[in-house]
Amino acid sequence: MPSDPLAWIDEELQVLQDQGLRRRLSVREGAQSPLIRLDGREFLSFGSNDYLGLAAEVMGPDSLRGLGDVGWGSGASPLVTGRGRWHAALETRLAEFEATEAALLFPSGYAANVGTLCALAGARDAVFSDAKNHASIVDGCRLSRAQVHIYRHLDMDHLAQLLAEAASFRRKLIVTDSLFSMDGDCAPLAELADLAEHSGAMLMIDEAHATGVFGENGRGLAEQMGVEHRVPIRIGTLSKALGSIGGFVAGSRRLVDWLIQRARSYVYSTAPPEAFASAGINALQIVRQEPWRRRQLQTRAALLRQRLAHDGWNVGASSSQIIPLIIGEPERTMLLSHQLRERGVLVPGIRPPTVPVGESLLRISLTYRHTDEMVDRLVESLGNCR
Ligand SMILES: Cc1ncc(COP(=O)(O)O)c(C=O)c1O
């Protein structure tokens, strides 16, 4: 009998198991909400990115009826016959919302980051990327074949030094999350814009977790920090606060035209169903018309951060609805997560490789739909797990 060429997987899985790093899937029943049923059990959940509570709202029966005769599948990539009028309408609304000339929809935020990075940087170029950028940015950097310079998290002196040392490249691109997805802290966008302008680099920011949550109009941290006009490449996703699915790039018409030519994750992937575009349009309208959702979320998040810090938890540098409890070791992190589960409270434990070794954390994700009572229950349950 020839040996099984996939047998090595069992050994590798066992290694992960022994290190406390093996991941397992669950099944949710019903819509996303703070009270969910997971693997047959009820939980109070702090484990979704549905920050404005729109996931269960944006695709009601009225929206489905309003879609008319578009069917479900789009049947082709956007450049062939896959782009329908709902896709085009959502792109127009996204550009209006972002106050940019144009916007382009991708199947996911992941695809938007990978496709945009590869379209803008190549083998003769240099990319400067924050050490804690999301995996989709990391993968885009790698795939682009550019020389990648990783600067220490939020360290502008380090970035300036790397930029100065890399003077001989054809093009330079600085890329960062605006709101970091695991630590809930924010990039210094004004300083990044200064450095980009000074060094002639392109600046790309990923507002995945900030869209809908920050800024007077909900456009994100670039709006909140007053630097939108200095950020020419803005990435967003409909999959988090906008309660849906699909990534987008907002910027100049020239940028979008280039992405249509060269962003392979856009060109070589089937356009998502048009129904998703209808949901996106609804979500943008709610973000515009109901600013109290994001304001209430911010207020509650600030209070929760204070309470947790007061109780002795290390919430890092979070200044947002994403609140980490930094524990350190994966085993202790997963034990706490498990103890909370036993009490019916779901707070995901985050381990390497999602976070660096030694920085495992419990990731509390607060949403507009969490009530004061739910937050009290979380704080009390955490107190009981110490
Ligand atoms: C910062 C950041 N960018 C991009 C993405 C990918 O977005 P999507 O889930 O829409 O693919 C994520 C998802 O977690 C993210 O955290």
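Residues numbered from 1 in each chain as written. Predicted model: local features only at pLDDT ≥ 70, side-chain atom pairs only at ≥ 80, totals over all residues. Heavy atoms only, no water.

**Student:** Help me understand the overall build of the chain, please; the structure alone is not making it clear to me.
**Tutor:** Each helix and strand in the chain was counted, giving 15 helices and 14 strands. For 386 residues, the compact-globule formula gives about 21 Å, and the C-alpha radius of gyration of the chain, at 21 Å, lands near that figure. The buried share among the 386 residues of the chain stands at 53%. Counting only contacts in the chain whose residues sit at least 6 apart along the sequence, the fraction spanning at least 24 positions is 69%. Of the roughly 17900 Å² that the chain leaves accessible, carbon and sulfur atoms contribute 52%. For the chain, the separation between the mean place of its 41 positive charges and that of its 45 negative charges on side chains is 3 Å. (Helix = DSSP H or I, 4+ residues; strand = E, 2+ residues; numbered from the N terminus. Rg over C-alpha atoms; globule rule 2.2 N^0.38 Å. Buried < 20%, exposed > 50% of the residue type's maximum accessible area, 1.4 Å probe, protein only. Contact = heavy atoms within 4.5 Å. Areas by Shrake-Rupley, 256 points an atom, 1.4 Å probe, with all protein chains shown as cover. Lys, Arg positive; Asp, Glu negative; His and termini not counted. Charge placed at Lys NZ, Arg CZ, Asp CG, Glu CD.)

**Student:** I keep staring at the pattern of salt bridges and nothing clicks. Help me out?
**Tutor:** A side chain with one charge may pair with a side chain of the opposite charge, provided their charged atoms come close. Under the counting rule described, the total for this entry stands at 20 salt bridges. In this structure, E228 and R234 form a salt bridge, with 3.5 Å as the shortest nitrogen-oxygen distance. Look at E228 and you get buried, because its relative accessible area is 17%. What makes R234 buried here is its relative accessible area of 4%. (Salt bridge = Lys/Arg side-chain N within 4 Å of Asp/Glu carboxyl O.)

**Student:** For this particular structure, what's the right way to read the sheet that holds strand β7 (residues 172–177)?
**Tutor:** Sheet strands pair via backbone hydrogen bonds, and the direction of the pair is either parallel or antiparallel. Strand order in this open sheet of seven strands is β4-β10-β9-β8-β7-β5-β6, and the pairing throughout is mixed. Two strands bound the open sheet, and with one partner strand each, they are β4 (102–106) and β6 (147–151). Averaged over all pairs of adjacent strands, the angle between strand axes in this sheet comes to 20°, irrespective of strand direction. Those strands touched by helix α10 (residues 253–262) are β4, β9 (233–237) and β10 (247–251), and its axis lies near 30° from that of β4. (Pairing = 2+ DSSP bridges. Axes fitted to C-alpha atoms, helices over the stretch in contact; angles between N-to-C directions.)

**Student:** Hey, could you run me through the sheet that holds strand β14 (residues 360–365) in this one?
**Tutor:** Strand order across the open sheet formed by three strands is β11-β14-β13, with antiparallel pairing between neighbours. Lying at the two open borders of the sheet, with one neighbouring strand each, are β11 (322–328) and β13 (349–350). Note that β13 and β14 share two bridges and pair antiparallel. Bridging across to β14, G349 finds its partner in L362. Each of β11 and β14 is contacted by helix α13 (residues 292–310), which is oriented at about 20° to β11, the strand it contacts most. Sheet strands in contact with helix α14 (residues 330–342) are β11, β13 and β14, and its direction is about 35° off that of β14.

**Student:** Would you mind showing me how to read the packing of helix α4 (residues 85–98) against helix α12 (residues 274–289) here?
**Tutor:** When two helices pack together, you describe them by how their axes are tilted relative to each other and by the distance separating the axes. At a closest axis distance of 8 Å, the pairing of α4 and α12 adopts a crossing angle of 25°. Classified by the angle between their axes, α4 and α12 sit roughly parallel to one another. With respect to the hand of their crossing, α4 and α12 are arranged in left-handed fashion. The residues of α12 that touch α4, namely those facing R85, W86, H87, A89, L90, R93, L94 and F97, are E274, F276, A277, S278, G280, I281, L284 and V287. The residue makeup of the contact of α4 with α12, split by class, is 10 nonpolar, three polar and three charged. (Parallel < 35°, antiparallel > 145°, perpendicular 65-115°, else oblique. Left-handed = near helix turned anticlockwise from the far one by under 90°. Nonpolar A, V, L, I, M, F, W, Y, C, P; charged D, E, K, R; others polar.)

**Student:** Just checking my understanding: could you explain the domain arrangement of the chain for this structure?
**Tutor:** You can read the domains of the chain as domain 1 (21–50 + 291–384) and domain 2 (71–289). Centre-to-centre, using C-alpha coordinates, domain 1 lies 26 Å away from domain 2. Between domain 1 and domain 2, the residue contacts involve 24 residues of the former and 24 residues of the latter. By the criterion of area lost to domain 2, the three top residues of domain 1 are N49, R294 and I322, representing 32% of everything that side buries. Where domain 1 meets domain 2, there are one salt bridge. For E359, the salt bridge goes to K132, with nearest N and O atoms at 2.8 Å. Viewed at the interface, domain 2 and domain 1 are joined by nine residue pairs in polar contact (both at pLDDT 80 or more). If you list the elements that add at least two residues to the side of domain 1 that touches domain 2, you get α13, β11 and β14. In terms of residue count, the dominant contributor to the side of domain 1 that touches domain 2 is α13 (six residues). (Domains from an automatic or database assignment. Buried area = accessible area lost by both parts, 1.4 Å probe. Polar contact = N/O pair within 3.5 Å; in protein donor to acceptor, adjacent residues only side chain to side chain.)

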